[in-house]
Amino acid sequence: MDDDPCPQDVLRNLINGLDVVYDQDARDLPCHERKRIDLINQGERKEKSAKNQFPFSRAERKGVESCYSQQRSFLISVFVLNVLIYWGGYWKVSGCFDSERKALTTFRKALNDSFNLLSSWDDDASDCCNWRGITCHNITGFVLKLDLFGLGLGGRIDPALVQLKHLQLLDLSYNAFNGAPIPDSLGSMKELRHLNLSWAGFRGRIPHQLGNLSKLISLKLSSFSLSAKNLWWLTSLPSLNYLHMSFVNLSMASHDWVHVMNMSPSLVELSLFDCGLSYISPTLPSVNFTSLRVLDLSYNNFNSSIPNWIANISSLVSLDLSYNNFHGEVPYQFSLLPNLEELGLGSIKDNLRVDWSESSLKAAGGS
């Protein structure tokens, strides 16, 4: 053993460091045998260490690696999206879309711009997002708003306008279209949220096709020259909050207007000032005006008592019944409306009796 090239202390250290137990006779083995045993044991030790670090089968490891790959792809996508959103104000298509620019140019040619207020629209090659009255989406470049309020425009509304497929606001109010009809084609602009045609000089029947604008939030059609045979098309506008139809001739819709409005629970403001209405339902099976804050029925031709159902609209802040032929008692429930700040009874107060005595209020549940 003295000529053995492997020192006994090295062998002892190796044996002590291995996970196998050597027989007592192992120390008496030749050096090359001990080396072979050491190599075998070192391989087993490495394999065990690897299993401790990643204790999965080959199939399981592939599954985990696939999951990590998907997560990495998702995180990269989120990062890219955040970059685009952050730089949204700068990353945009070059100008508005050619189809929308052409539609606006065609629309412009049908207008009478006496004061040349749309001079910025004359350059076909320019970015229509910079034209007067036009607002585009910051990223996509689609035309979202066309606001031509009070520019004294005349002429007619060219059907090319409906090519603005993403338009959300159209305001042509306070212009002078000199008796032109409201185009039926406006009913195909399905993305509209706000439509204002008040005092624009339009004449004739309000097209029932406006009932196709299911996303409308506000509709303003006040005019001396417009009329409607019925209002049932309004029931197709579930999101309508603001309806202004003052001076519109609604005499032919007089018998069902209340029931129509009662089917529009989202209404917040309803203005039917001087609409030639002569009938108001004395009762309603249920009052669905749960959001109504402003109700203006002044300057109509009602010739009845004030219906009690009006006093059941607890959300009312402003109520104007002035200049009608109401008679009888003013419902004492008006004094109990929790939010009412304005009550207009001008010119009819001489025909009405007010009995809001303490006894009547107690009978109504008041204090």
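Residues numbered from 1 in each chain as written. Predicted model: local features only at pLDDT ≥ 70, side-chain atom pairs only at ≥ 80, totals over all residues. Heavy atoms only, no water.

Here we come to the state of the cysteines. Here the structure, examined in full by the defined rule, presents two disulfides. In this model cysteine 96 forms its disulfide with cysteine 128; the gap between the sulfur atoms is 1.9 Å. Placement of the pair is cysteine 96 in the loop between α3 (58-86) and α4 (98-109) and cysteine 128 in the loop between β1 (111-112) and β2 (134-136), with a sequence separation of 32 residues. The same class applies to cysteine 96 and to cysteine 128, which are both buried. (Disulfide = S-S within 2.5 Å. Helix = DSSP H or I, 4+ residues; strand = E, 2+ residues; numbered from the N terminus. Buried < 20%, exposed > 50% of the residue type's maximum accessible area, 1.4 Å probe, protein only.)

Next up on the list: the nonpolar core. Where a protein is soluble and globular, its nonpolar side chains tend to be buried together. Formed by 82 residues in total, the largest nonpolar core has its most connected members in Leu146 and Leu231. Among the secondary structure elements, those contributing two or more residues to this core are α4, β2, β3 (143-147) and α5 (257-261). Counting residues per element, this core draws most heavily on α5, at four residues. Discounting residues that sit within four places of it in the chain, leucine 146 has contacts with Leu104, Phe107, Trp121, Gly133, Ile134, Leu161, Leu164, Leu167, Leu169, Leu170 and Asp171. (Core = buried A, V, L, I, M, F, W, Y, C linked by side-chain atoms within 4.5 Å. Contact = heavy atoms within 4.5 Å.)

This part is about the packing of aromatic side chains. As enumerated under the stated definition, the model contains 14 aromatic pairs in all. Considering the side-chain rings of phenylalanine 97 and phenylalanine 142, the 4.6 Å spacing of their centres and the 15° angle between planes classify their relative orientation as stacked. Of the two residues, phenylalanine 97 sits in the loop between α3 and α4 while phenylalanine 142 sits in the loop between β2 and β3, which places them 45 residues apart along the sequence. Assessed through its relative accessible area of 32%, phenylalanine 97 is described here as partly exposed. With a centroid separation of 5.6 Å and an interplanar angle of 25°, the aromatic rings of phenylalanine 302 and phenylalanine 326 are classed as stacked. Note that phenylalanine 302 is positioned in the loop between β12 (294-296) and β13 (318-320) and phenylalanine 326 in the loop between β13 and β14 (328-330), a separation of 24 residues in sequence. Exposure class is identical for phenylalanine 302 and phenylalanine 326. Each is buried. An aromatic cluster is built from Trp199, Phe224, Phe247, Phe273, Tyr299 and Tyr323, whose rings are joined through pairwise contacts. (Phe/Tyr/Trp six-rings, centres within 6.5 Å; stacked < 30°, edge-to-face > 60°.)

We now examine the pairing of β3. It is a general feature of regular strands that their side chains alternate between the two faces of the sheet. Relative to β3, β2 runs antiparallel, the two sharing three bridges. Looking at β3, one finds that threonine 135 is bridged to lysine 145. Between the end of β2 and the start of β3, which pair antiparallel, lie six residues, with glycine 141 showing a positive phi angle near 85°. (Pairing = 2+ DSSP bridges.)

What follows is about unusual backbone geometry. Even without being a glycine, asparagine 178 presents a positive backbone phi close to 50°. With respect to the helices, strands and loops of the structure, asparagine 178 is situated in the loop between β5 (169-171) and β6 (194-196). What makes asparagine 178 exposed here is its relative accessible area of 69%. One non-glycine residue, aspartate 274, lies in positive phi territory at about 50°.

Below, the discussion takes up the layout of surface pockets. Roughly 150 Å³ of volume is contained in the largest pocket. Lining the largest pocket we find Arg205, Ile206, Pro207, His208, Ala228, Lys229, Asn230 and Trp233. Among the residues forming the lining of the largest pocket, the class breakdown is four nonpolar, two polar and two charged. (1 Å grid on protein atoms, 1.4 Å probe; cavity = no way out; pocket = protein on both sides within 12 Å on 5 of 7 lines; lining within 4 Å. Points joined across faces, edges and corners; volume = space filled by probe spheres on them. Nonpolar A, V, L, I, M, F, W, Y, C, P; charged D, E, K, R; others polar.)

What follows concerns the sheet that holds β6. Spatial ordering of the open sheet is given by β2-β3-β5-β6-β8-β10-β11-β12-β13-β15, a layout of ten strands whose pairing is mixed. At either end of the open sheet lies a strand with only one pairing partner, and these are β2 and β15 (342-344). Pairs of neighbouring strands in the sheet enclose a mean axial angle of 10°, with direction left out of account. Direction of pairing for β6 relative to strand β8 (residues 218-220): parallel, over a ladder of three bridges. Residue pairing across strands places leucine 195 opposite leucine 219, the latter belonging to β8. (Axes fitted to C-alpha atoms, helices over the stretch in contact; angles between N-to-C directions.)

Interpretation in functional terms is not warranted from these geometric data alone.
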